[in-house]
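Report on the structure
The primary structure of each chain is shown beneath.
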Amino acid sequence: MNIIVCLKQVPDTNEVRIDPVRGTLIREGVPSIINPDDRNALEEALRIKDENSDVKVTVLSMGPPQADVALREALAMGADDAILLSDRAFAGSDTWATSTALAAGLKKIGDYDIIFCGRQAIDGDTAQVGPQIAEHLGLPQITYVEELKIEKDKVIAKRSLEDGHFIIESEMPVLLTAIKELNEPRYPSIKGIYEAHKADRVKVWSAAYVEADKSNLGLDGSPTQVNKSFTPPGRSGSGEILQGSAKEVVRDLIVRLKEKQVI
Amino acid sequence: MNFNLTKEQEMVRSVMKEFTEKEVKPIAAEIDETERFPRETVEKMAKYNMLGIPFPVEYGGSGADEVAYAIAVEELSKACATTGVICSAHTSLGCWPIYKYGSEEQKQKYLVPLAKGEKLGAFGLTEPNAGTDAAGQQTIAILEGDNYILNGSKIFITNGGQADVYIIFAMTDRSKGTRGISAFIVEKDFPGFSIGKIEEKMGIRASATTELIFQECIVPKENLLGKEGEGFKIAMSTLDGGRIGIAAQALGIAAGALDETVKYVKEREQFGRPISKFQGIQWILADLATEIEAARLLVYKAAYNKANNLPYSKEAAMAKLFAAETAMNVTTKCVQLHGGYGYTKDYPVERMMRDAKITEIYEGTSQVQQMVIAANLLK
C-alpha cells in the first residue's frame, strides 16, 4: 500500500508576531515547523505502516528549498521517501495554485492508495488544499478524520462534526484530511535524524518535471487577490454583566445578539 | 572556525526540547519529591534512540556524535537533572567503556542492547575508602578456573539497582598498585551480586544512587573488559568522557534556571512594575547569561574534540569545572531573584539549586578537575 502524506512547513504561530503597519507576518527569527495537522496525518500513515507489512509512506511538500528541513523531520519520524516540489513558478500560490501543483506531483508519483493531508495549515487556516487535490484527481475525500481503520481495500473513517460524527466507508484510492484528535504524533528518533540527513533523501521536483499546467501556478495562476491584510484594532469599552435568572439572561442575550445581527 | 551546529545537531536540539517539555518537565517535581526512578521516561528515551546517541548504528546506537549527545543531556537537564544524569551515566559510563575497550563478542552481547536502551548501564569505581583516590580499590577479583570471584563493595553508584549491566573495577593484583586494577562487565543477576544501601540525597533525588555488594560474586572470565591491569586506564579515560556528560548536565541546569527566572522577573511586580525593569536585576541576569554561554562553548568544544578524535581530557575537565561552578552560581542567584518564592517548592529553582551541587562533586570534584588541568599545564 502506498500512502502519500502532503505536508506544509509553516512558521510556528505560537511565536509569530504581526507587523502592525503592513499587516503581514513577521517571519524573521520565527522557527519553522511541520504544520500540526499534517503531523497527525503523517503519524496515522506511520501507524498503518507499523501495523501492516508492505506499506510505503511518502511525504510530499510544495515550498521553497528551506522546506527540506520539514521533509527531513518527516523522514526522521519514519517516512520512507520525501519529495519537494520547488520552483520559482510556484511562488505566490494561493490554495488553487498549490493544489494544482500538488495534484501534478501526485500524478507524477502515480501509484497511491491513500493521500493524507492535514485539515488546515496554521498560517492560512483555509482547509481548502486537501479537498481541492481530491477534486483535481477525481478521488473520493473524507475530511476531519478523527479515527481510521483499514479493511482490505477500504478505509473506514470517523469524520468529526461540530455536534457528532459520521462513519464513512470508502474504497481506495481516497483522500483524507486529519485533525489533531486522530492521534498523538511521535517524535523523530535521534537515529532517524541522522539517517534522514544523508544525501539524496529528499528529491526536488520542478514544475516542468511534474508537467503542471503553468497557467494555474504561482501568483499569476492564483484566482485569490489579497487587497489588504490588517490587524483589527483592540476593542475598547468595558463589558456588561447581565443580571437575572439563567433563563432571563439567555433570553436577553439572544435578543441583543439578534439586534446586532450577530445571529 | 565555525560555531554553527550541523543540521542534524539543530534537529536533535529541537526534538530534545520538545521531548523534555512534554515528557520530562511535567513529572520533574513529583519524582524529586517522591524519589521515584522515572522508568517510563527511560523507556521513552529508548524508543527514540536517546540512550545510545554517540555510538554507531551497527552497535545499536544512533550514529550521531558527542556534540549531539551533549545537547541531549543539556536539554533534558534544563527541566530535570535526574533524567539528564540517567542518560549521561548510562551512555558515558555504562556504554562507552564497552564501545572503546570491549571485544567484538562483548560489544554484540552488551553494547548493542545497552545502546538501544533495552538495557540500562552503570559504572562502579567509587568505594567507601576510594573516592578521589580511586587507586585505593579494595574490591578484589581472583581468577578461579573459568571465573573471576569478586569480593568487596562500591558506593554512590548512579543507576544502581536500576541498571542491568555494570562496569566494575577490582584489584586483580594488589602488588601492582594502579596497574593491578582490572575492569569487568557484571550483569545484575550474576550470583553473589546484590544492591545495598540506597542513598537519600539532597538533589537528583529520583536518580538511583546505591551501594553494590559483591560476595563471592561469580563473573565469567570472558567478562574481563580489556586486559588484566588495564582497569585504571579504562576508568580514567571513561571519566574523561563522562565529564562532558556531567558538564552538559550542569549547563542544562543553569540554562533551565535562567529560563525560569527570566519568565519570573517579567511577571513579578514590585514598586508598581515588573522587577525585570530594574537595572539591578538586569545586571545580574546579563552576568548569568554570559556565564552560561561561556560554559556552553567549553562543553561543546570538549564534545567536538571527542567527536573528532582530538585530545579532550583537559577540555572536558575545564568544561566540567566551569559548567558545574556556573550551575551552582546561577541557580543560587536565580533563587535569590525569586525572593521568598524561590525558597519554596512552588517554583522549580529550589530543586535546581539542590541538583546543581552534585555537579561540583561527582565524576571528579571541582578540585580533581583542577588537578587534571594543572597536570596538563605542567607536564
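Residues numbered from 1 in each chain as written. Chains lettered and ligands numbered in written order. Predicted model: local features only at pLDDT ≥ 70, side-chain atom pairs only at ≥ 80, totals over all residues.

The next point concerns the overall build of chain A. Of the regular secondary structure elements, chain A holds 6 helices and 13 strands. With the principal axes as the frame, chain A shows a C-alpha extent of 65 × 45 × 40 Å. By residue count, 40% of the 263 residues in chain A fall in the buried class. The contacts in chain A between residues at least 6 apart in sequence include a share of 70% that link residues at least 24 apart. (Helix = DSSP H or I, 4+ residues; strand = E, 2+ residues; numbered from the N terminus. Buried ≥ 20, exposed ≤ 12 C-beta atoms within 10 Å, placed from the backbone. Contact = placed C-beta atoms within 7 Å.)

Right, let's talk about the UniProt feature "domain: Acyl-CoA dehydrogenase/oxidase C-terminal" (unreviewed entry) in chain B for a bit. With numbering matched to this structure, UniProt assigns "domain: Acyl-CoA dehydrogenase/oxidase C-terminal" (unreviewed entry) to residues 229–378 of chain B. Within residues 229–378 of chain B, the helical portion is 77% and the strand portion 3%, while the C-alpha atoms at the span's ends are 27 Å from each other. (UniProt positions renumbered as here; feature names shortened; annotations may be inferred.)

Mean pLDDT over chain B stands at 97; residues scoring 70 or higher make up 100%. Complex prediction metrics read pTM 0.92 and ipTM 0.93. (pLDDT = per-residue confidence, 0-100.)

Right, let's get into the packing of helix α3 (residues 66–79) of chain B against helix α4 (residues 81–101) of chain B. Residue and element names in this part refer to chain B. With their axes 7 Å apart at the nearest point, α3 and α4 run at an angle of 155° to one another. Between α3 and α4, the angle falls in the class roughly antiparallel. Residues Y69, A72, V73, L76 and S77 of α3 form the contact with α4, whose own contacting residues are A81, T83, G84, C87, S88 and T91. Partitioned by chemical class, the residues of the contact of α3 with α4 number 6 nonpolar, 5 polar and no charged. (Axes fitted to C-alpha atoms, helices over the stretch in contact; angles between N-to-C directions. Parallel < 35°, antiparallel > 145°, perpendicular 65-115°, else oblique. Nonpolar A, V, L, I, M, F, W, Y, C, P; charged D, E, K, R; others polar.)

The next thing to look at is the UniProt feature "domain: Acyl-CoA oxidase/dehydrogenase middle" (unreviewed entry) in chain B. The positions that UniProt labels "domain: Acyl-CoA oxidase/dehydrogenase middle" (unreviewed entry) are, in the present scheme, residues 122–217 of chain B. For the annotated span residues 122–217 of chain B, helix accounts for 0% and strand for 51% of the residues, and the straight-line distance between the end C-alpha atoms is 17 Å.

All names here are of chain A. Of all 5 residues that make up strand β1 (residues 2–6), 4 are buried, and the element is covered over most of its length. Where β1 and strand β8 (residues 114–118) come together, 4 bridges link them in parallel fashion. Bridged to I4 within β8 is I115. (Pairing = 2+ DSSP bridges.)

Taken together, the contact between chain A and chain B spans 10 residues of the former and 15 residues of the latter. Of all the secondary structure elements, the ones that give two or more residues to the side of chain A that touches chain B are α2 (68–77) and α5 (190–196) of chain A. When its residues are assigned to classes, the side of chain A that touches chain B shows 6 nonpolar, 2 polar and 2 charged.

All right, on to helix α9 (residues 349–358) of chain B then. Of all the 10 residues making up α9 of chain B, 8 are buried; the element is thus mostly covered by neighbouring parts of the structure. When we look at burial in α9 of chain B, the residues that qualify are V349, E350, R351, M352, M353, D355, A356 and I358 of chain B.

A separate point is the environment of A103 of chain A. All names here are of chain A. Structurally, A103 is set in helix α3 (residues 95–109). Measuring from C-alpha to C-alpha, the distance between A103 and K152 comes to 25 Å, with 49 residues separating the pair along the chain. Not counting residues within four places of it along the chain, the set of residues in contact with A103 comprises I133, H136 and L137.

What follows deals with the UniProt feature "domain: Electron transfer flavoprotein alpha/beta-subunit N-terminal" (unreviewed entry) in chain A. The UniProt record annotates "domain: Electron transfer flavoprotein alpha/beta-subunit N-terminal" (unreviewed entry) at residues 22–214 of chain A. For residues 22–214 of chain A, the helix share is 30%, the strand share is 30%, and the end-to-end C-alpha distance is 30 Å.

All names here are of chain B. It is the contact of α3 with helix α7 (residues 279–307), at a shortest axis distance of 7 Å, that shows an interaxial angle of 145°. Of α7, the residues touching α3 (which contributes E66, V67 and A70) are V299, Y300, A303, Y304, K306 and A307. A per-class count over the contact of α3 with α7 returns 7 nonpolar, no polar and 2 charged.

Before going further, it helps to spend a moment on the sheet that holds strand β12 (residues 174–178) of chain A. Residue and element names in this part refer to chain A. With respect to topology, 9 strands assemble into an open sheet ordered β11-β10-β9-β12-β8-β1-β6-β7-β13, the strand pairing being mixed. In this open sheet, the two edge strands, each paired with only one partner strand, are β11 (164–171) and β13 (202–205). With direction set aside, neighbouring strand axes in the sheet form an average angle of 30°. Across 5 bridges, the pairing between β8 and β12 is parallel. Paired with I115 across the two strands is L175, which belongs to β12. Here helix α1 (residues 36–51) sits on the sheet in contact with β1, β6 (56–62), β8, β9 (141–151) and β12, set at roughly 145° to β8.

Interface size is often expressed as the accessible area that is lost when the parts come together. Residues and elements named next belong to chain B. When cut into domains, chain B gives domain 1 (7–115), domain 2 (121–229) and domain 3 (233–378). The centre of domain 1, based on its C-alpha atoms, is set 23 Å off from the matching centre of domain 2. The interface of domain 1 with domain 2 comprises 22 residues on the first partner and 19 residues on the second. When residues of the side of domain 1 that touches domain 2 are traced back to their parent elements, those giving at least two are α1 (7–34), α4 and α5 (104–115). For the side of domain 1 that touches domain 2, the element with the highest residue contribution is α4, accounting for 12 residues. Of the residues assigned to the side of domain 1 that touches domain 2, the class counts are 14 nonpolar, 5 polar and 3 charged. (Domains from an automatic or database assignment.)

Okay, helix α4 (residues 129–137) of chain A next. Residues and elements named next belong to chain A. Buried within α4 are the following residues: V129, G130, Q132, I133 and A134. Where α4 is buried, its residues touch α3, β8, β9 and β12. The positive-phi residue at the C-terminal boundary of α4 is G138, with phi of around 65°.

With that settled, the discussion passes to unusual backbone geometry. For residues besides glycine, phi is generally negative; the peptide bonds are generally trans as well. Here M172 of chain A and P173 of chain A are connected by a cis peptide whose omega angle stands at 0°. Note on placement: P173 of chain A falls in the loop between β11 and β12. The backbone of D200 of chain A shows a phi angle near 65°, a positive value even though the residue is not glycine. Relative to the helices and strands, D200 of chain A is located in the loop between α5 and β13. Classification of D200 of chain A as exposed rests on a count of 5 C-beta atoms within 10 Å. Phi is positive for F271 of chain B, close to 55°, though the residue is something other than glycine. The exposure class assigned to F271 of chain B is exposed, which follows from the 8 C-beta atoms found within 10 Å.

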